[in-house]
Amino acid sequence: MKDLLSIVSHFQLQGTVQEINPLGAGLINDTYKVSTLEADAPDYVLQRINHAIFQNVEMLQANINAVTTHIRKKLEEKGEKDIERKVLHFFPADTGKTYWHDGESYWRVMAFIPNARTYETVNPEYSYYAGVAFGNFQAMLADIPDKLGETIPDFHNMEFRLKQLRDAVAADAAGRVKEVRYFLDEIERRAEEMCKAERLHREGKLPKRVCHCDTKVNNMMFDESGNVLCVIDLDTVMPSFVFSDFGDFLRSGANTGLEDDKDLANVNFNMEIFKAFTKGYLESAKSFLLPVEIENLPYAAALFPYMQCVRFLADYINGDTYYKIQYPEHNLVRTKAQFKLLQSVEEHTPEMQKFIASCI
Ligand code: GN1
Ligand code: MG
């Protein structure tokens, strides 16, 4: 606490810090809530940026600054009220930058959004709102004047993720390859089909747009009555295929089980959630989506459980160097759950295609 207090003291904040407690369930950064004593002083969120993963903090914060500034401007133009709860607000440190380097770690502070919450699971009604919100998020960023950098190069590039997995298999650093052969074979069987987006892009048929790239349900804030306030966790906002945001939401939101469910019978793809989310997303994104993007939304729904399966498995094989784990087999359990989800998505492909056709 004392160390955290001294870190907070480098930021230009109002009020006296009363306590600092862990917040949220992210797998990458460490997040804390900073509560202030005075009723009229806001509370804050303090985050230690995972510098091993986000190696270019300057670019990271420049991207976030560009995105939040642009969204704030859009909200003002629309005459929205309560803008402070609808877009993240980062505070400068005494260096003038929106991060502070303590010699080892990088830290940043944003306003805590009051009377708002995140969910780990959502019902169809909330999924519909989430669909509208992520579509709006992409629409608002369609004309951002700044050129955003790739904060994690090749983040959602499926060819690159497969290469990482293959490299991990070749090195077999933790001696785990022999126990995961089944999953490696299942992954390879689908590899060509799953790299379709990269191919379409090379052929000039599929554009990159500014996307959020981490649209897990728990990266969205809702107010007391269930309205979406804003999208959080902006570290991975970068140019990508729209499939990123569509697919990654469903990967978490439409999973009837947990991302790391040990009981695979719990894990299935919930078509009610799919339909509600897709309806909302198409309502707000239809105006800018190309036919090739709309046609491939069922592919996107499969791509993200697949990609996450590849990423969790690569991390397991590497000896758990990327994701936070709670027990030694955690990444393998996650791999299995994502693979089960993928199989369920695959079974629902014709139904998804039919539903999308009915929306447009
Ligand atoms: C990570 O930071 P968090 O927990 O929201 C990861 C995502 C994965 C997700 C899996 C920078 O997101 O890409 O989909 O875990 N973020 C990064 O739960 O790798
Ligand atoms: Mg998060």
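Residues numbered from 1 in each chain as written. Chains lettered and ligands numbered in written order. Predicted model: local features only at pLDDT ≥ 70, side-chain atom pairs only at ≥ 80, totals over all residues.

J.: I'm lost on the environment of Ala174 in this one. Help?
T.: Structurally, Ala174 is set in the loop between α4 (158-171) and α5 (181-194). A residue is classified by how many C-beta atoms lie within 10 Å of it, and Ala174, with 14 of them, is partly exposed. In sequence terms Ala174 and Thr16 are 158 residues apart; their C-alpha atoms lie 47 Å from each other. With near-sequence residues (within four places) excluded, Ala174 lies in contact with Ile317, Asn318 and Gly319. (Helix = DSSP H or I, 4+ residues; strand = E, 2+ residues; numbered from the N terminus. Buried ≥ 20, exposed ≤ 12 C-beta atoms within 10 Å, placed from the backbone. Contact = placed C-beta atoms within 7 Å.)

J.: I'm lost on helix α3 (residues 124-140) in this one. Help?
T.: Turn by turn, an α-helix covers 3.6 residues, leaving residues three or four places apart pointing in a common direction. The first and last C-alpha atoms of α3 sit 24 Å apart over 17 residues, in line with the 24 Å expected at 1.5 Å per residue. When α3 is considered as a whole, its buried residues turn out to be Tyr126, Ser127, Tyr128, Ala130, Gly131, Ala133, Phe134, Gly135, Phe137 and Gln138. As for α3, its buried residues are in contact with β6 (209-211), β7 (220-222), β8 (228-231), α7 (243-253) and α8 (271-285). (Expected span 1.5 Å × (residues − 1).)

J.: Just checking my understanding: could you explain the domain arrangement of the chain for this structure?
T.: Interface size, as often reported, equals the accessible area lost upon joining of the parts. Domain boundaries in the chain define domain 1 (2-111) and domain 2 (124-359). In this structure, domain 1 and domain 2 have C-alpha centres spaced 26 Å apart. Taken together, the contact between domain 1 and domain 2 spans 19 residues of the former and 19 residues of the latter. The residue inventory of the side of domain 1 that touches domain 2, partitioned by class, reads 12 nonpolar, 4 polar and 3 charged. (Domains from an automatic or database assignment. Nonpolar A, V, L, I, M, F, W, Y, C, P; charged D, E, K, R; others polar.)

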